[in-house]
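Report on the structure
Read off the chains here:
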Amino acid sequence: MPELKAIIFDFDGTIADSEPLHLAAFQAVLSEELDLDLTEEEYAERYLAFDDRLLFTHVLNDRGVAVEADRFEQLLELKEARYQEIALAPQILPGAAEMIRAAAAHWPLAIASGALGHEVRPVLERVGLVDCFPIIVTAEMVSRGKPDPESFLTALARINEGLGLPVPGASCLVVEDSVAGVRSGNAAGMRTLAVTTSYPADKLTEADRVVDSLEETVDPGGLAAWFAALPSASSQSG
């Protein structure tokens, strides 16, 4: 019987309603600088979980557009500047703050996000949640973004460093909003809870559980009981 021992949250689209703001910033830079379009449908279908560097890489490759290395770095800077212009105070998604505060009293929590640190921390500070997350892993701290599992594995390694006792991946829950994020958590050997803020439930079937809102997961006892009832990874694969 698995026991829940740690929770790692994604940020954009899971805690903060910031995915539309990132999309708007990408759209502005791609249009103004390269005369390229990026639709909401394309973003959701292909690019949503990527960090900025990976998104620009894939969009340019998909469009057959090549830019010099200096120009690529300029695009990253322009996108970040545009995001900062429009993302003054992203709203916290329903149930997220309540779940986080309740869970923090029972388990170590971390964030593993494709956003940058200065995009994540100020939001958490503004809503009084930053102290719930002693570990925050952001895009500049890893070399491979989601769906690679590096960010989740890095967060769990830091949790274990802080505890001095190893928490196995199978005892860690990932909370995500994207298909690629769920795949990243699964690839890290963790269990996954997906919330339908960015994708419909039928796109998130690789998660162990799908909810429409984190309001459904506020009760720590219920969350622990659900986790304990999960089949082991070995029995699932068998």
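Anything mentioned here points back to the structure above.
The text that follows walks through the structure, step by step, so that each part is easy to find. Because the structure is a prediction, the values reported are computed rather than measured.

What follows concerns the overall build of the chain. Counting its secondary structure elements, the chain contains 10 helices and 6 strands. A compact globule built from 238 residues should have a C-alpha radius of gyration of about 18 Å, and the chain, at 18 Å, falls within 12% of that. Each principal axis of the C-alpha distribution contributes one length, and for the chain these read about 55 × 40 × 35 Å. Counting all 238 residues of the chain, 50% fall into the buried class. Accessible surface, the chain as shown: approximately 10700 Å² in total, 51% of it carbon and sulfur.

Here the focus is the packing of helix α3 (residues 52-63) against helix α4 (residues 69-86). Where α3 contacts α4, the two axes come as close as 10 Å, and the packing angle between them is 125°. Classified by the angle their axes make, α3 and α4 are oblique. For the pair α3 and α4, the sense of crossing is right-handed. Seen from α3, the contacting residues are D52, R53, F56, T57 and L60; seen from α4, they are F72, E73, L75, L76 and K79. Per-class residue counts for the contact of α3 with α4 are 5 nonpolar, 1 polar and 4 charged.

On to the pairing of strand β1 (residues 6-9), then. Burial of β1 is two-sided: the residues A6 and I8 facing one way and the residues I7 and F9 facing the other way are all buried. When β1 meets strand β4 (residues 172-176), the two strands line up parallel, connected through 4 bridges. Bridge pairing in β4 links I8 to V174. Bridge analysis of β1 against strand β2 (residues 109-112) gives 3 bridges, and the strand direction is parallel. By the bridge assignment for β2, I7 is matched with L109.

Okay, the packing of aromatic side chains next. Two numbers describe a pair of aromatic rings. These are the distance of the centres and the angle of the planes. Applying the stated criterion to the full structure yields 6 aromatic pairs. Ring centres of F9 and F133 lie 5.7 Å apart, and the angle between their planes is 85°; this geometry places the pair in the edge-to-face category. In this pair, F9 sits in strand β1 while F133 sits in the loop between α6 (117-126) and β3 (135-137), placing the two residues 124 residues apart along the sequence. Note on accessibility: F9 and F133 belong to one class, buried. Relative to F227, the ring of W226 has its centre 6.2 Å away and its plane inclined at 80°; by these criteria the two rings are edge-to-face.

Attention now goes to the pairing of β4. Look at any regular strand and the pattern is simple: side chains alternate between the two faces of the sheet. Buried residues dominate β4, accounting for 5 of its 5 residues. Inspection of the sheet shows β4 paired to strand β5 (residues 191-195) by 4 bridges, in the parallel sense. Each bridged residue has a counterpart across the sheet, and for V175 the counterpart in β5 is L193. Between β4 and its parallel partner β5, the chain crosses via helix α8 (residues 179-187), and the hand of that crossover is right-handed.

What counts, and at which threshold
- Residues numbered from 1 in each chain as written.
- Predicted model: local features only at pLDDT ≥ 70, side-chain atom pairs only at ≥ 80, totals over all residues.
- Heavy atoms only, no water.
- Helix = DSSP H or I, 4+ residues; strand = E, 2+ residues; numbered from the N terminus.
- Rg over C-alpha atoms; globule rule 2.2 N^0.38 Å.
- Buried < 20%, exposed > 50% of the residue type's maximum accessible area, 1.4 Å probe, protein only.
- Areas by Shrake-Rupley, 256 points an atom, 1.4 Å probe, with all protein chains shown as cover.
- Axes fitted to C-alpha atoms, helices over the stretch in contact; angles between N-to-C directions.
- Parallel < 35°, antiparallel > 145°, perpendicular 65-115°, else oblique.
- Left-handed = near helix turned anticlockwise from the far one by under 90°.
- Contact = heavy atoms within 4.5 Å.
- Nonpolar A, V, L, I, M, F, W, Y, C, P; charged D, E, K, R; others polar.
- Pairing = 2+ DSSP bridges.
- Phe/Tyr/Trp six-rings, centres within 6.5 Å; stacked < 30°, edge-to-face > 60°.
- Right-handed = clockwise from strand over helix to strand, strands pointing away.

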